[in-house]
Every structure is written in structure tokens, then in C-alpha cells.
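A structural walkthrough
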Amino acid sequence: MDNIKDKIKEMIVRRLKLKMSPQEIKDDTPLFGPNGLGLDSIDVLELVAGLQKEFGVVINDKAMAERILISVNTITNFIEKTKG
Amino acid sequence: MIDALNTLPHSYPFCFIDRVVELKKGKGMGIKNVTINEPFFQGHFEENPIMPGVLIIEAMAQMAGLVLHYGKEEEKKTTFIAQVKDIKFKRPVIPGDQLKVIAETILTFSSLTRFSVKALVEENVVAEGEIVLAIESPTNRDVSRVS
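In what follows, the accompanying structure is described. (Residues numbered from 1 in each chain as written. Chains lettered and ligands numbered in written order. Predicted model: local features only at pLDDT ≥ 70, side-chain atom pairs only at ≥ 80, totals over all residues. Heavy atoms only, no water.)

**What to know about the interface of chain A and chain B**
To keep things clear, this is the line we draw: We call two residues contacting when some pair of their heavy atoms lies within 4.5 Å. A simple way to read buried area is as the amount of 1.4 Å-probe accessible surface that goes missing from two parts once joined, with both sides added. Basic side-chain nitrogens of Lys or Arg form a salt bridge, by our definition, when they fall within 4 Å of a carboxyl oxygen of Asp or Glu. Under this definition, polar contacts are N or O atom pairs within 3.5 Å; protein pairs additionally need one hydrogen-donor-capable and one acceptor-capable atom, and for neighbouring residues in sequence, both atoms have to be side-chain atoms. Segments assigned H or I by DSSP are reported as helices when at least four residues long, segments assigned E as strands when at least two residues long, and all are numbered from the N terminus. Note on residue categories: nonpolar means Ala, Val, Leu, Ile, Met, Phe, Trp, Tyr, Cys or Pro, charged means Asp, Glu, Lys or Arg, and polar means any other residue, Gly included.
Each partner contributes to the interface: chain A provides 15 residues, whereas chain B provides 15 residues. Across the chain A/chain B interface, buried area totals approximately 1,200 Å², and carbon plus sulfur atoms make up 66% of it. The largest share of the area that chain A buries against chain B comes from Ser41(A), Ile42(A) and Leu45(A), three residues that together contribute 52% of it. On the surface where chain A and chain B come into contact, there are 2 salt bridges. Note that Glu46(A) is salt-bridged to Lys85(B), the shortest N-O span being 3.5 Å. Taken together, the links from chain A to chain B amount to 2 residue pairs in polar contact (both at pLDDT 80 or more). Those elements that place two or more of their residues in the side of chain A that touches chain B are α2 (41–55) and α3 (62–68) of chain A. The biggest single contributor to the side of chain A that touches chain B is α2(A), with 8 residues. Classifying every residue of the side of chain A that touches chain B by side-chain character gives 7 nonpolar, 3 polar and 5 charged.

**Brief notes about the sheet that holds strand β1 (residues 19–24) of chain B**
Heads up, the condition is: Strands are treated as partners if at least two bridges between them are detected by DSSP. Convention adopted: a line fitted to C-alpha atoms gives each axis, helices being fitted over their contacting stretch, and angles between N-to-C directions are expressed from 0 to 180 degrees.
Taking strand neighbours across the sheet as the criterion, the 6 strands line up as β1-β2-β4-β5-β6-β3 (chain B) in an open arrangement whose pairing is antiparallel. Only two strands of the sheet have a single partner each, and these edge strands are β1 and β3 (79–89) of chain B. For this sheet, the mean inter-axis angle between neighbouring strands, taken without regard to orientation, is 20°. Taken together, the 10 bridges between strand β5 (residues 112–121) of chain B and strand β6 (residues 124–135) of chain B define a ladder with antiparallel strand orientation. Bridging across to β6(B), Lys118(B) finds its partner in Glu128(B). Where α2(A) meets the sheet, its contacts fall on β3, β4 (98–109), β5 and β6 of chain B, and the angle it forms with β4(B) comes to roughly 80°. Across the face of the sheet, helix α2 (residues 53–68) of chain B comes into contact with β1, β2 (27–33), β3, β4, β5 and β6 of chain B while running at roughly 55° to β6(B).

**Details of the side chain of Lys5(A)**
Residues and elements named next belong to chain A. Spelled out, the test is: When accessible area is computed with a 1.4 Å probe and restricted to protein chains, residues below 20% of their type maximum are described as buried, those above 50% as exposed, and intermediate ones as partly exposed.
Relative to the elements of secondary structure, Lys-5 occurs in helix α1 (residues 2–15). Since its relative accessible area comes to 17%, Lys-5 is described here as buried. Setting aside anything within four residues of it in sequence, one finds Lys-5 in contact with Asp-27, Val-72, Asn-73 and Thr-76.

**Some thoughts on the nonpolar core**
Residue and element names in this part refer to chain B. Defined as follows: Definition of nonpolar core: a set of buried residues of the types Ala, Val, Leu, Ile, Met, Phe, Trp, Tyr and Cys, connected through side-chain atoms within 4.5 Å.
With 35 residues, the main nonpolar core has Met-51, Met-60 and Leu-99 as its most contacted residues. Secondary-structure elements contributing two or more residues to this core are β1, α2, β4, β5 and β6. Examining the composition of this core, we find that 11 residues originate from one element, α2, more than from any other. Setting aside anything within four residues of it in sequence, one finds Met-51 in contact with Phe-16, Val-34, Phe-40, Phe-41, His-44, Ile-56, Val-93 and Leu-99.

**Quick notes on the pairing of β1(B)**
In this sheet, β2(B) lies alongside β1(B) in antiparallel orientation, the contact comprising 5 bridges. Paired with Lys24(B) across the two strands is Lys27(B), which belongs to β2(B).

**With respect to the pattern of salt bridges**
Should the charged atoms of two oppositely charged side chains come close, the side chains can pair. A complete count under the given rule lists 15 salt bridges over all chains for this structure. Here Arg15(A) and Glu46(A) are joined by a salt bridge, their closest N and O atoms 2.8 Å apart. In this pair, Arg15(A) sits in helix α1 while Glu46(A) sits in helix α2, placing the two residues 31 residues apart along the sequence. Note that Lys32(B) is salt-bridged to Glu38(B), the shortest N-O span being 3.0 Å. Pair check on accessibility: Lys32(B) and Glu38(B) agree, each one buried.

Structure (C-alpha cells):
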């Protein structure tokens, strides 16, 4: 399942135009906050769009986003659970 | 007919949709007649009047705002531009042009909505790209925290 994690990291870096390589993101790096990637709410919209388009999973609301968009690990869990 | 002046909070000289031609859930089209009397032509540019690109963005954002508030007349919430994404300007807009402005919803998440926007003159695309609008919530005016 490492493959999925690499794909998520690549999607994050590409869609958010981050100035880093996907390999620099650890599986448990926080997506938000000063100790993580420091993403903001507008980035959330881009991530929701990316997950929908490229991974076929839908995040409907803020509460769901807060539960899922924590790290690459939590996104991976969500995708695996949703897609079986 | 939908009246942009009464639907949007904008007024003279900052209303950039003269008439709404089509408006439905998720999509709308309006026109802006660009006259030589526009105040911005005085300085942009005196010898060579060209509509500033940022004002074409404003027109597209106002059209997106009309789409966003369609069917929600009772709510008068302020809307902000949260992101202007990959906008291309393909040809200059000059006095006498009629801008046809189109906005279409791509995705809504929380207080943010992404639109595909386009402006045309005589069926030629003059500008296109994406705009994200954020609806203000009364308790939170910090755009970086809107969602």
C-alpha cells in the first residue's frame, strides 16, 4: 500500500505547487500547522478536488475533512476504507 | 430580468455586470458594455485605452458571485475572492467591446466555491481561468480560516 502513499504525496505537491519533493513528506507529517506543511483552507479545497478526481473518494463537509486531512496516513486509511 | 445592481453589493463605479442574460443553479452569463467613458480609461492608458486585466477578473468574480447567490436571495452574506487561479488574458479589451462573462461552479466545499470563468468578445475568448469565492461567516472574517 506504499504505492498509494506515494501517489497521495505526489498529488499534494503537484496540486498545491509545494516547493518540495514528494519524498520529503513523511507519512505522518501534519498537513496543517507550523510543524507540518502549513496548508490553509484554500488548499483544503484543492485537496478535496484532487482526492475526488484522482482517487475517487468524496469528502463532503468540514467535519469529515478535519477527520481525514490530518496526514498522508489518515488520507490513506480513508481511501482504503472507502474503496475496500 | 435579474438585476445585478440589486443582487450584488457593488455599485457605481464598481459594478462590472450590466445585465444578467442567463442564470441558473451552477451557471450564469452576463454582459458588460465597455464604453470610452469608463473612468479607468483615463489613465489606462491615455493614448491607448485598454480595460485593465484585474477588472476583467472582477467582472468574472461578480458573475461568479451572482451564480453563488442564485436561489439564496434571503441571505445577504458578503463574498470575497479567495483565489485567482491560472487566469490567462488572450487579447486586449477596448472601448466599444461587449464583454460576455460566464461563470460555472466546479466544486463547493464548506464556505469555498471554485468556479470556471471566461470572458468573451464576439465569441473570442479574451480571458479565462478559475476563481475561488469565500462566503463570509459572521464570526470569522479571516480568509485563511474560512473553511
